[in-house]
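These are the residues of each chain, in order.
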Amino acid sequence: MTFTVAIDQFEGPLDLMLHLIKEQELDLFDLDISVLTDQYLTYLNHMEDLHLEVASEYLLELATLIEYKSKKILPKDQSLLEDEFEEDPKDRLVRRLLEYQQFKEVSEQLSDLYHQRAMQMSKPISIEVDEWTKPKTEDAPIDGSPYDLVKAMNKCLRRLQLSKPIETKFTAKELSMEDRSLQIKARLRDLPDTFSFETLIEDCNDMQMVIVTFLSILDLARQHTLVFTIDENETIWFKRG
Amino acid sequence: MIENLENNKEEVIEEKEVMLHEELTSEQEEKIEEAIQETNKVEEGNRAGTILEGLLFIVGEEGITLAQASEVLGISQERAEEEFSLLQAAYAEDSRGFEIANYGGTYKFLSKAIVHPYAEKLFQTTKTAGISQAALETLAIIAYKQPITRVEIEEIRGVGCDMMLRKLEARNLIRENGRSDAPGRPILYEVTDEFMDSFKLYSLDELPKLPEFNTDENSENLFD
Amino acid sequence: MIENLENNKEEVIEEKEVMLHEELTSEQEEKIEEAIQETNKVEEGNRAGTILEGLLFIVGEEGITLAQASEVLGISQERAEEEFSLLQAAYAEDSRGFEIANYGGTYKFLSKAIVHPYAEKLFQTTKTAGISQAALETLAIIAYKQPITRVEIEEIRGVGCDMMLRKLEARNLIRENGRSDAPGRPILYEVTDEFMDSFKLYSLDELPKLPEFNTDENSENLFD
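Attention here is on the structure that accompanies the text. Keep in mind it's a predicted model, so treat the numbers as computed, not measured.

1. Quick notes on the overall build of chain A
When its secondary structure is counted, chain A shows eleven helices and three strands. Listed by position from the N terminus, the elements making up chain A come as α-α-α-α-α-α-α-α-α-β-α-α-β-β. By residue count, 47% of the 241 residues in chain A fall in the buried class. Counting only contacts in chain A whose residues sit at least 6 apart along the sequence, the fraction spanning at least 24 positions is 60%. Entry remark: accessible area of chain A is about 12800 Å², with carbon and sulfur atoms responsible for 52%.

2. Brief notes about the interface of chain B and chain C
With 37 residues of chain B at the interface, the matching set in chain C holds 40 residues. Contact with chain C buries surface across chain B, with Phe57, Tyr118 and Leu122 of chain B losing the most and accounting together for 19% of the total. At the boundary of chain B with chain C, the tally comes to three salt bridges. We note a salt bridge from Arg166 of chain B to Glu206 of chain C, for which the minimum N-O separation is 3.4 Å. The interface formed by chain B and chain C includes twelve residue pairs in polar contact (both at pLDDT 80 or more).

3. Some points on the pairing of strand β2 (residues 98-103) of chain C
Residue and element names in this part refer to chain C. Direction of pairing for β2 relative to strand β3 (residues 106-111): antiparallel, over a ladder of six bridges. When the bridges of β3 are listed, Glu99 appears paired with Leu110. The hairpin formed by β2 and β3 contains two residues between the paired strands, and Gly104 there has a positive phi angle of roughly 55 degrees.

4. Topic: unusual backbone geometry
Leaving glycine out, the prevailing phi sign among residues is negative, and the prevailing peptide bond configuration is trans. In the segment running from Gln146 of chain B into Pro147 of chain B, the intervening peptide bond is cis, with an omega of -5 degrees. Along the polypeptide, Pro147 of chain B turns up in the loop between α7 (133-145) and β4 (148-149). A positive phi angle is found at Glu25 of chain A, which is not glycine, with a value near 55 degrees. Counting through the fold element by element, Glu25 of chain A comes out in the loop between α1 (13-23) and α2 (33-49). The exposure class assigned to Glu25 of chain A is exposed, which follows from its relative accessible area of 72%. Within the chain, Arg185 of chain C stands out as a residue other than glycine whose phi angle is a positive 40 degrees.

5. Observations concerning the sheet that holds strand β4 (residues 148-149) of chain C
Residue and element names in this part refer to chain C. Reading across the sheet, the three strands line up as β4-β6-β5 and stay open at both edges, with antiparallel pairing between neighbours. Edge positions in the sheet fall to β4 and β5 (174-179), since each has one partner strand and no second. Along the sheet, helix α9 (residues 162-170) contacts β5 and β6 (187-191); its crossing angle with β5, the most-contacted strand, is approximately 110 degrees.

6. Re the packing of α1 of chain A against helix α5 (residues 89-118) of chain A
A packed helix pair is summarised by two numbers, namely the angle formed by the two axes and the spacing between the axes. Residues and elements named next belong to chain A. Relative orientation of the contacting elements α1 and α5 amounts to 95 degrees, with a least axis distance of 10 Å. Comparing their axes, α5 and α1 come out roughly perpendicular. From α1, Leu14, Asp15, Met17, Leu18 and Ile21 reach across to α5, where they touch Leu93, Arg96, Leu97, Tyr100, Gln101 and Lys104. By residue class, the composition of the contact of α1 with α5 is seven nonpolar, one polar and three charged.

7. A short note on the sheet that holds strand β2 (residues 98-103) of chain B
The antiparallel open sheet is built from three strands, whose spatial order is β1-β3-β2 (chain B). Both edges of this open sheet fall to β1 (64-65) and β2 of chain B, since each of them pairs with a single strand only.

8. Topic: the nonpolar core
Counting 59 residues, the largest nonpolar core has Leu55 of chain B together with Leu55 of chain C as the members making the most contacts within it. Ranked by size, the runner-up nonpolar core spans 34 residues in total, among them Cys156 of chain A together with Ala135, Leu139 and Leu168 of chain C.

9. Notes on the packing of aromatic side chains
Counted under the stated rule, the structure contains 22 aromatic pairs over all chains. A ring pair is formed by Phe10 of chain A and Tyr43 of chain A, whose centres lie 5.9 Å apart and whose planes are at 80 degrees; its orientation type is edge-to-face. Residue Phe10 of chain A is found in the segment before α1, and its partner Tyr43 of chain A is found in helix α2; the two are separated by 33 residues along the sequence. The burial state of Phe10 of chain A is the same as that of Tyr43 of chain A; both residues are buried. On the numbers, 4.9 Å between centres and 35 degrees between planes, the contact of Phe195 of chain C with Phe199 of chain C is tilted. For the pair shown, Phe195 of chain C and Phe199 of chain C are each scored as buried. The ring of Phe57 of chain B carries Lys123 of chain A above its face, with NZ or CZ at 4.3 Å from the centroid.

10. Brief notes about the pattern of salt bridges
A complete count under the given rule lists 30 salt bridges over all chains for this structure. In this structure, the salt-bridge partner of Asp30 of chain A is Lys90 of chain A, at a minimum N-O distance of 4.0 Å. With a gap of 60 residues between them, Asp30 of chain A in the loop between α1 and α2 and Lys90 of chain A in helix α5 connect regions that are remote in the sequence. Here Arg159 of chain A and Glu137 of chain C are joined by a salt bridge, their closest N and O atoms 2.7 Å apart.

Definitions and limits used
All residue numbers here refer to positions counted from 1 along the written sequence of the relevant chain. Written order determines the labels here, with chains lettered from A and ligands numbered from 1. Local features in this predicted model are restricted to residues of pLDDT 70 or higher, and side-chain atom pairs are both shown and tallied only at a pLDDT of 80 or more, whereas totals for entire chains, interfaces and linings draw on every residue. By convention in this description, side-chain values take in all heavy atoms of the structure and omit both hydrogens and water. In DSSP terms, a helix is any run of H or I states spanning at least four residues, a strand is any run of E spanning at least two, and both are numbered starting from the N terminus. Only protein chains enter the calculation, and the probe is 1.4 Å; a residue is then buried if its accessible area is under 20% of its type maximum, exposed if over 50%, and partly exposed in between. The contact definition used throughout considers only heavy atoms, calling two residues in contact when any of these lie within 4.5 Å. Areas reported as accessible are Shrake-Rupley estimates using a 1.4 Å probe. Residue values count occlusion only from the protein chains shown. Buried surface area refers to the total accessible area, computed with a probe of radius 1.4 Å, that the two partners give up upon joining, counted for both partners together. Only one rule defines a salt bridge in this text: a Lys or Arg side-chain nitrogen within 4 Å of an Asp or Glu carboxyl oxygen. We define a polar contact as two N or O atoms separated by no more than 3.5 Å, with the added condition that, inside protein, one atom must be a possible hydrogen donor and the other a possible acceptor, whereas residues neighbouring each other in sequence contribute only through side-chain atom pairs. What makes two strands pair is DSSP finding at least two bridges between them. Lines fitted to the C-alpha atoms define the axes, with helices restricted to the stretch that makes contact. Angles between their N-to-C directions range from 0 to 180 degrees. Roughly parallel covers angles under 35 degrees, roughly antiparallel covers those over 145, roughly perpendicular covers 65 to 115, and oblique covers all other angles. Only Asp, Glu, Lys and Arg are considered charged in this grouping, and only Ala, Val, Leu, Ile, Met, Phe, Trp, Tyr, Cys and Pro are considered nonpolar; every other residue, Gly among them, is considered polar. Think of a nonpolar core as a cluster: buried Ala, Val, Leu, Ile, Met, Phe, Trp, Tyr and Cys residues, connected wherever their side-chain atoms sit within 4.5 Å. Any two rings among Phe, Tyr and Trp, with Trp reduced to its six-membered ring, count as a pair given centres within 6.5 Å; such a pair is stacked if its planes are under 30 degrees apart, edge-to-face if over 60, and tilted if neither. Only when the NZ atom of a Lys or the CZ atom of an Arg is both within 6 Å of the ring centre and within 35 degrees of the ring normal do we say a charge sits over the ring.

Set out below in structure tokens:
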């Protein structure tokens, strides 16, 4: 069989086992550990063949699985004896899988909440607060956390970002259709008798300006300042009207 | 106390006038004056609401608790809560660009989701910092099981999580809180107010319910 | 530009229909659609006012300029100015705890004077980490960017920090470590073990990642 999910897509051995159980349609409440162990081992071998690193945690759980599998084929009286002293390893594994599955599921819901919250922003505490706060004496030990540093750094970065003009072409975006029409009219003098749309948009540095140019041309065509034809290659050609 | 005064203000004034005739000691008079002034302090033109609104703006992401608000304004916590509710309702309007959230008992202004794409453009930031599945699982385990030790978390996740715990601590999503009585007295972890804020929780009771697993035969479809 | 589009929208639509008969390429059609949609974008239900209000809050005391507002929202500066005026009038009401100031085309929320005595009371009772905001910012920049020169720190903070660096050095939170190859061979600063201890860091790798800021080519590596 082929394994389509790479090991780095799993959060750990339990995650991998849950995946295999689902894929093999095993019954978690009547778990066939032998099948699971074989699948698990085959998967790990496959990953090693692909030269993907298999973390020690996966091998540790493999050891547990194999230990259980080997115990199962031991004489019954001995296994009975051991069962009196410790939880049945199979029950324990199933309990762990169930518990892990629970947290995996709620973490999906938490993820939704996290992303909703991430869409909402706040502002840093106002700077005037510095005047009102009475900091402890200069020599007092600092009881800080890395988080204080992140917040301070973010504050600097926000400020820095806002102090810089937005790096886009204001001139281009501010350009109105009227202004663009005037520009085009001015350029008409220097253009050959027939010219393409591409020639007209040579001086555009973003899509917005292309659109303004296009709309201006529509306007100029309506006023018969320009006439246009479209050739078989769908190139738009213009002539003075 | 102020609330009672509020209700009894007129009564007090009447009382005072009556009592004046009965020759009050100057000490008694002073007390009554004080009480009346106290009552007026934040009442005029609903100054309490105005001041809370201003404070909410100043504190920004730090937020303000009911206890702080009541302390600073000299009003009861119930009264402060009412004022916050009124403000909250006003900002909840669709036309407003930010609103008042109360996660983990701290009130704070937060911009509405509709503003986010424009803020991204303004700050020229790429998408907000995400959170990994591993971090979410670890946080979930701590939130539901706290206080909990590292070994207990690792037992549930099946993987080591020493580095993850440090990262979450650095992000102020979890904190150490004492030590367990278990051998070696390992550190106990719990989630922080910042966690509550990051996951829009007012209290841990609001955490989504853990799915229950019935160990009977009709739970086969668990993994579908 | 969008405003002009708005005015000419109907005309454009008419034009478009005329031209459809003259066989427009689908690409051309798309462009027109886009332009029309752009025009509608922030118009519905006065979203522009709502978004500006939200942005004003997020930028806090740094403020936002007319140019930034018009750029981010894709509206004309005149339109942005109108929206700001409307907001300004609404916040000028006595009952509001903060107002909108406009200094030289930069709009910002400012708390009203009535709030200040209460804010003072709030922050006098609040415990601080034993360090001023200015010191914290300088330390954060050094921790994230070390080794770093004074000039580089000042570029990020936007203010001089000569005195601050000396104070931090005296408190043993930062130290000099060699010199940069830049002209003048300025001193390079880095944080100390004492700093790590004060902020409960095992290593600087544990500092949480900052949200990514897209920066222009001059400062490309600044926020890595």
